[in-house]
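Here's the letter readout for the chains.
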Amino acid sequence: MTRDAVKYAIRPGGPWQRVLPGIYATFNGPLAPQHRRRAAVLHGGPDAAISGAWAAEMHGLAYGPPAGDTIDVLVSWDSARRTNGFVRVCRTTHPPEAQLWVDDDPTRGVPLHVLLDEAGHRPVPGVVPVVPAARAVVETVVRRGHLPADWRPECSRTDGCPGCWHHPGHHRDLALRNTRALLCEVVQRRRATLSALRDEVAAASRRGGALARLAMQDIEAGCRSAPECELRDLVRTSQFLPEPRWNQVLPGQRGIHPDACWERARLVVEVDSRSFHGFGDAPTRTEERRARYAALGWRVLPVSPARLRAEPGAVLREIEAAYLAGGS
Ligand SMILES: [Zn+2]
Ligand SMILES: [Zn+2]
């Protein structure tokens, strides 16, 4: 196709539209997400893969920041491609091996092979390279400048905001909670192995990766949700409570996986709903499960995530008292 023919097709009111430099859609309506993904990797060049919040969403993760107007593509350090329009080009010195993601739910009535670029490498319809899930979550949390305000550990306003005026650690707490939730989710939902996540966190930059490294310590200990990580913070402030077992099967019992359990004190603390983990815990109904714990001689302390945050001191005293009453 000649330059003039393209120019004519994208004229005002013409049948095509220019999406990005050298990339055209052969229709003139709004772009669907799959068109934007495709255009983003074409713009990023042959080694580009979708990264960040869009990649986390493509891997089926729910706890990432919203996949907004901007799509991140990860390219190698020496790539000449630059951020343009809705595509943000992120560089890396250690590019991952991209996975091929198939757009299996194309918008009805819109052809998929609608994009082509002047460089001549024709897109494969509906197939998009994406960074692996472990890399996606780490890239999402370490590139702080790209994150929405509630994912950044510092205030985005120079004069502060009501949040940090009333509670100095506000932004860091929120950012850590979000980081923990996303990193826990990728392991909990088996989108990445523990070792893949460990490697990606270890490779993250020193400054940007600080919260990810904290979250990784909790995940290594066995935590699989943000409330469990926060419960772990609280337990670690105790003078005498040892580290509980996290999300392991109740000793001697199949099909029950308490969030936190102290075996010698026969004490269990639950902070998540049982359906959250998808362990297939047999007694998912609360009363039934409590009765079973009681029959086995275990004491159960339910703690809501909201209460854990609102009155940590009172919650810790209850856990400590229950632990001591367990006669350990
Ligand atoms: Zn603030
Ligand atoms: Zn849990």
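To be clear, the structure that these remarks concern was listed above.
Residues numbered from 1 in each chain as written. Chains lettered and ligands numbered in written order. Predicted model: local features only at pLDDT ≥ 70, side-chain atom pairs only at ≥ 80, totals over all residues. Heavy atoms only, no water.

## Regarding the pattern of salt bridges
Pairing is possible between side chains of opposite charge, provided their charged atoms come close.
No. 1: Within the structure shown, the criterion is met by 18 salt bridges.
No. 2: Residue Arg-135 pairs with Glu-139 through a salt bridge whose shortest N-O separation is 2.9 Å. Placement of both Arg-135 and Glu-139 in helix α4 (residues 133-142) is noted, with a separation of 4 residues, approximately one turn of the helix. Exposure class is identical for Arg-135 and Glu-139. Each is buried.
No. 3: Of the charged contacts, one joins Arg-177 and Glu-230 as a salt bridge, the two residues approaching to 2.8 Å between their closest N and O atoms. Here Arg-177 is found in helix α6 (residues 170-188), whereas its partner Glu-230 is found in helix α9 (residues 226-236), with 53 residues between them in sequence.
No. 4: The partly exposed category is assigned to Arg-177, whose relative accessible area is 23%. (Salt bridge = Lys/Arg side-chain N within 4 Å of Asp/Glu carboxyl O. Helix = DSSP H or I, 4+ residues; strand = E, 2+ residues; numbered from the N terminus. Buried < 20%, exposed > 50% of the residue type's maximum accessible area, 1.4 Å probe, protein only.)

## Describing the packing of aromatic side chains
No. 1: Using the criterion set out here, one finds 2 aromatic pairs in the structure.
No. 2: For the ring pair Phe-240 and Tyr-323, a centre distance of 6.2 Å and an interplane angle of 40 degrees mean the geometry is tilted. Note that Phe-240 is positioned in the loop between α9 and β9 (245-246) and Tyr-323 in helix α13 (residues 312-325), a separation of 83 residues in sequence.
No. 3: Residue classification places Phe-240 among the partly exposed residues on the basis of a relative accessible area of 38%.
No. 4: The class of Tyr-323 is buried, set by a relative accessible area of 10%.
No. 5: Here Trp-262 and Tyr-323 contribute two aromatic rings whose centre-to-centre distance is 6.3 Å and whose plane-to-plane angle is 75 degrees, an arrangement assigned as edge-to-face. Placement of the pair is Trp-262 in strand β10 (residues 260-262) and Tyr-323 in helix α13, with a sequence separation of 61 residues.
No. 6: Lying over the aromatic face of Tyr-8, Arg-11 brings its terminal NZ or CZ to 4.0 Å of the ring centre.
No. 7: It is Arg-36 that lies over the ring of Phe-86; its NZ or CZ is 4.5 Å from the centre. (Phe/Tyr/Trp six-rings, centres within 6.5 Å; stacked < 30°, edge-to-face > 60°. Lys NZ or Arg CZ within 6 Å of the ring centre and 35° of its normal.)

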